[in-house]
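Structural overview
Read off the chains here:
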Amino acid sequence: MTSAWSRRTFLATSAVLTASGGGALALSTPGAASADPSAGPSAVSAAEDDPYAALRATWSALILGEGFSPTAEPFKSRLADLGTKASQWLETMAPAEGSLWPDAVFADPDPDTDPESYVFSGRMADSFIRLNTMAQAYRQQGTGLTGDSALRDAVLTGLEHLNTQIYNDGQTRYGNWYSWQIGAPQALLDVCVLMYDAITPARLARYCAAVDHFVPDSAVASYTGTSTGANRVDLCRVLALRGVVGGSAAKIALARDALSPVFPLVTKGDGLYADGSFIQHTTVPYTGSYGSVMLGGLGLLFALLKGTTWEVSDPKRQVVFDAVENAWAPFLYNGLVMDSVAGRAISRGEVDDHRRGHPILASIVLLGRGASAAENTRWRALVKGWAQRDYYSPPMDNPSLGLTALARIKSALDDTSLPPLPEPDGHRLFPDMARATHRRPGWAASLSMADRRITYYEVGNGENLRGWHTGSGMLYWWGDTFANGQYSDAFWPTVDPYRLPGTTASRKVLADGAGGDWGVSLPDVNWVGGVTDKKRAAVGQYLKGLSSTLMAKKSWFFLDDTVVCLGAGIHGRDGAAAESTVDNRNLGPTGNAPFTVNGSAKPVAAPWSATLTGASWAHLAGHGGYVFPGGATVKALRENRTGRWRDINTAGSTDPVSRKYLTLWFDHGTDPSDATYAYQLLPGASEQRTAARAADSGWLRVLANTDDQQGVAVPSLGLTAVNFWFGGSVGPLVADAPCSVMVTEHTDGTATVCVSDPMRMRTSLTLTWNRAVASVVSKPATVASATTGASLRLVFGDLSGTRGATQTVKVRLA
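Residues numbered from 1 in each chain as written. Predicted model: local features only at pLDDT ≥ 70, side-chain atom pairs only at ≥ 80, totals over all residues. Heavy atoms only, no water.

A look at the overall build of the chain
Our working definition: Helix numbering and strand numbering both begin at the N terminus, where a helix is a DSSP run of H or I of at least 4 residues and a strand a DSSP run of E of at least 2. Between buried and exposed lies partly exposed: a residue is buried under 20% and exposed over 50% of the maximum accessible area for its type, with that area taken using a 1.4 Å probe on protein chains only. Any two residues whose heavy atoms approach within 4.5 Å at even a single point are treated as in contact. Neither His nor the chain ends is counted toward charge; the positive residues are Lys and Arg and the negative residues Asp and Glu. Charged groups are reduced to one reference atom each: NZ for lysine, CZ for arginine, CG for aspartic acid, CD for glutamic acid.
Each helix and strand counted, the chain has 18 helices and 33 strands in total. Taken along the three principal axes of its C-alpha coordinates, the chain extends 85 × 60 × 50 Å. Looking at the chain as a whole, 62% of its 814 residues qualify as buried. A fraction of 70% describes how many contacts in the chain between residues 6 or more apart in sequence connect residues 24 or more apart. Of the charged side chains in the chain, 70 are positive and 74 negative; the average position of the first set lies 5 Å away from that of the second.

Brief notes about the pairing of strand S27 (residues 739–745)
Operational definition: Strands were regarded as paired on the criterion that DSSP finds at least two bridges between them.
With 6 of its 7 residues buried, S27 lies for the most part within the structure. Here S27 pairs with strand S28 (residues 750–756) via 6 bridges, running antiparallel. In the sheet register, threonine 744 faces S28, and the bridge partner there is threonine 752. Hairpin geometry of S27 and S28 is characterised by an intervening segment of 4 residues between the two adjacent antiparallel strands and by a positive phi of about 85 degrees at glycine 749.

A word on the packing of aromatic side chains
This is how the line gets drawn: Pairing of aromatic rings covers Phe, Tyr and Trp, the last through its six-membered ring, and needs centres within 6.5 Å; plane angles under 30 degrees mean stacked, over 60 mean edge-to-face, and all others mean tilted. When the NZ atom of lysine or the CZ atom of arginine is within 6 Å of a ring's centre and also within 35 degrees of its normal, the charge is said to sit over that ring.
If you walk through the whole model with that rule in mind, you get 30 aromatic pairs. Measuring from ring centre to ring centre gives 5.6 Å for tryptophan 478 and tyrosine 487, while their planes differ by 80 degrees; the resulting arrangement is edge-to-face. Exposure class is identical for tryptophan 478 and tyrosine 487. Each is buried. When the ring of tryptophan 527 is compared with that of tryptophan 725, the centres are 4.3 Å apart and the planes differ by 50 degrees; the resulting orientation is tilted. Here tryptophan 527 is found in the loop between strand S10 (504–506) and strand S11 (528–532), whereas its partner tryptophan 725 is found in the loop between strand S24 (719–724) and strand S25 (728–730), with 198 residues between them in sequence. As far as burial versus exposure is concerned, tryptophan 527 and tryptophan 725 are alike and both buried. Taken together through their ring pairs, the aromatic side chains of Tyr333, Tyr476, Trp478, Tyr487, Phe491, Trp492 and Tyr661 make up a single cluster. Above the ring of tyrosine 196, the side-chain terminus of arginine 56 is found at 3.6 Å from the ring centroid.

Section: the nonpolar core
Note the cut-off: As used here, the term nonpolar core means buried Ala, Val, Leu, Ile, Met, Phe, Trp, Tyr and Cys residues forming a set that is joined through side-chain atoms within 4.5 Å.
Counting 197 residues, the largest nonpolar core has Met134, Tyr167, Phe595, Phe628 and Leu664 as the members making the most contacts within it. With 12 residues, helix H7 (residues 177–194) is the single largest residue contributor to this core. Beyond its immediate sequence surroundings of up to four residues, phenylalanine 628 is in contact with Val582, Ala615, Ser616, Trp617, Ala618, Val634, Phe666, Ala678 and Tyr679. With 25 residues, the next largest nonpolar core counts Phe724, Ala737, Cys739 and Leu767 among its residues.

Some words on the packing of helix H13 (residues 353–368) against helix H15 (residues 403–413)
This is how it is decided: Note on method: axes are straight lines fitted to C-alpha atoms, helices fitted across the in-contact stretch only, with angles between N-to-C directions ranging 0 to 180 degrees. Angle categories: roughly parallel below 35 degrees, roughly antiparallel above 145, roughly perpendicular from 65 to 115, and oblique for all the rest. Note on convention: near helix rotated counterclockwise from far helix by under a right angle means a left-handed crossing. Clockwise means right-handed. Any residue outside Ala, Val, Leu, Ile, Met, Phe, Trp, Tyr, Cys, Pro, Asp, Glu, Lys and Arg is labelled polar, Gly included; the first ten of those are nonpolar and the last four are charged.
Orientation of H13 relative to H15, taken along the N-to-C sense of each, is 70 degrees, at an axis distance of 8 Å. Considering the angle they form, H13 stands roughly perpendicular to H15. The crossing of H13 and H15 is left-handed. On H15, the residues that touch His358, Leu361, Ala362, Val365 and Leu366 of H13 are Ala405, Arg408, Ile409 and Ser411. Its residues assigned to classes, the contact of H13 with H15 comprises 6 nonpolar, 2 polar and 1 charged.

With respect to helix H18 (residues 687–695)
Note the cut-off: The arc in question is traced by the directions running from the helix axis to the C-beta atoms.
Of the positions making up H18, those classed as buried are Thr690, Arg693 and Ala694. End-on view of H18: buried residues confined to an arc of 100 degrees, all on one side of the axis. For H18, the exposed residues lying more than 90 degrees away from the buried face are Gln688 and Ala695.

Points about the sheet that holds strand S1 (residues 271–272)
The strands that make up a sheet are held in pairs by hydrogen bonds between backbone atoms, and each pair lies either parallel or antiparallel. Reading across the sheet, the 3 strands line up as S1-S2-S3 and stay open at both edges, with antiparallel pairing between neighbours. Of all the strands in the sheet, just S1 and strand S3 (284–285) have a single pairing partner and so form its edges. Where strand S2 (residues 278–280) lies against S3, 2 bridges are found, and the strand directions are antiparallel. Bridge pairing links glutamine 280 to valine 284 in S3.

Looking at the sheet that holds strand S6 (residues 426–430)
Here 4 strands make up an open sheet; going across it, the order is S6-S7-S8-S9 and the pairing antiparallel. Only two strands of the sheet have a single partner each, and these edge strands are S6 and strand S9 (474–479). Within the sheet, the average angular offset between the axes of one strand and its neighbour, ignoring direction, is 10 degrees. Of the strand pairs in this sheet, S6 and strand S7 (residues 435–440) are connected by 5 bridges, and their pairing is antiparallel. When the sheet's bridge partners are listed, arginine 428 is paired in S7 with threonine 437.

Here we look at unusual backbone geometry
Residue glutamate 73 is joined to proline 74 through a cis peptide bond whose omega torsion reads 5 degrees. Geometrically, the link from alanine 606 to proline 607 is a cis peptide bond, its omega value of 5 degrees lying close to zero. By the secondary structure assignment, proline 607 is in the loop between strand S17 (600–601) and strand S18 (608–620). Positive phi is not limited to glycine here, since alanine 434 has a value of about 55 degrees.

So, the environment of alanine 694
Tracing the chain through its elements places alanine 694 in helix H18. Counting along the chain gives 91 residues from alanine 694 to proline 603, while the straight-line C-alpha distance between them is 22 Å. What alanine 694 contacts, discounting residues up to four positions off in sequence, is Ser616, Trp617 and Val627.

Below you can see the structure in the form of structure tokens.
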């Protein structure tokens, strides 16, 4: 599988340190799109006549960035930092047997594929990345080492040393495949472009032979294994640049053609799905990590080949363009990309949700160059809005964002012709990856679940060791102008991993990495999903705990200003307590936000804990409110928690970090049977509004909260929504089989009936709504028959092919 360590190092380094290419001894200018004019007329003519020289010039512009001044901030400081880092590598380089730097020994005394060998292969790739840093500092302006002959010679020496010692066509790979096929060759080929005119043809031939050895044409012969999704795009980048550096039309054509399997929508395995899901590693929602890599890689390759003999012309590439708003945009909020689709990347302390989001913004700007004019304009306006609203971590201040990405985002921010687009309003359900997002004015939320196709969580390469319960119904939420750092500010190493917001979990002690690496642990459940009218939603999860006997039925009803959360059938025989966490708010290192229950203020000093009996409502200042219909007994805890990134990631920092938390949860006791809970989450609500909602006993009616069905009605919204775990009757709705239903009556005398089969197994389904209906206005083909009158009776045909998607019937009321 993929090495997080080498990928992380590669991405972080290559993102920060970008530079130009072209003639290696003639310095390039930011924004140059052809051979450097300073090389003279003959050089320019040669570039125009030589398609490979033109491609090298294009690649130089792409990895350098355009439209910025090297004397303006933040670019001036980034260039100086680049020079400082390159100077460090220059001073410490010491070619020796088995290493190029003393702290990066790559010679493996026992070469195989165990964790130790992963480290050695990662150091090999990292050695190339360091050379890339040095080459960039040589080529780029304002680094303090621009055109330095000693730096140039050191880069050339380093290339030869690595080729002789380790990366050559006679070497057998060990450790992680990624280091040999992506990490090392991408950095090597970038250096070859940067230093092209300084490298002799014989040396270039050997370097290309090494790449051919480790990345043969067969690496993209079939769309399987490690050659899918983002990995396939990375491999195609290697092949394309190998063709550019070695002057091979066949290699470039192969790279272009090998992209085509990435484009079509898939129905299983890795790739983009019709509902906007993106999966990598077969079972892991990865829009915000591997998806980001794929988006950025495609943007680069589309731009590199545009207007050439090898331009990517496959019409299915439109799928990628459509995915900008169908797949990526739903998970971007005020510049961050939601952790619910970041896999094990959440455990990497150096890059939080904002810093993962910013490269996606830059990639969207880049991709726009190959899209239609209308798409390009709209995407730039979206990026401008996201970037402007990121008050917590402005993209232009992101130290891990490279010059190219900074320049692309700045081009959108500085475009006075573009009005920034606001955050969208509505609900998106992603049944193919068991995820949902909900956006309302002032806040946004995201839900992560697990089923027989989607893993509880991914652990691998020593990363995300305690992400056990992130798929157990974790409910993330953010405010428009508050709490955007909720999961960014050292949340993951300090939060109690057994009390993640929204989850139901056993307190059974789990080992680090419990369940197995690479997302192999899948709960044996089918009923996970729901219905949505694109504004509101009813979502449910049949939960079976990771490595435990815990079972529960969980439902979320996403409405206009609230999320109604129900739990039932909570059962466990682990000899441990079972808990449902209402929320677990990160208050920062010194946070003492006031907390009130039924209007009574609670202590702000930590530690403090209490069992709150008869709680009707609670409010956390600066965050929001919680309402407990009919009153409830909940536990509360204000505490200071200390952890280390190393606790959840073996490559993380050992420095302790501390954050204060306010946690609310239902304690179901040890080995519960049929325990339940019910509450409303009101993001951003004031104390007064929270109290008012609690006092309005008629606003929400809980129609059912059992192991068989869970449903609610909100008369003021004309809404009735039920998750039928089994067929039965709830309020005015009767279903003869498991399904999810949401009915909304409108003020114009019509109603919308939304139905889905989250289990994807129904060959028939009959739904009755006991309401007088005059006629059916529209219905999907899945409705075999519809009967109106004193009640509405819908008979659905085979729903198994709908993949859990919502089927909508519009009717006129009598």
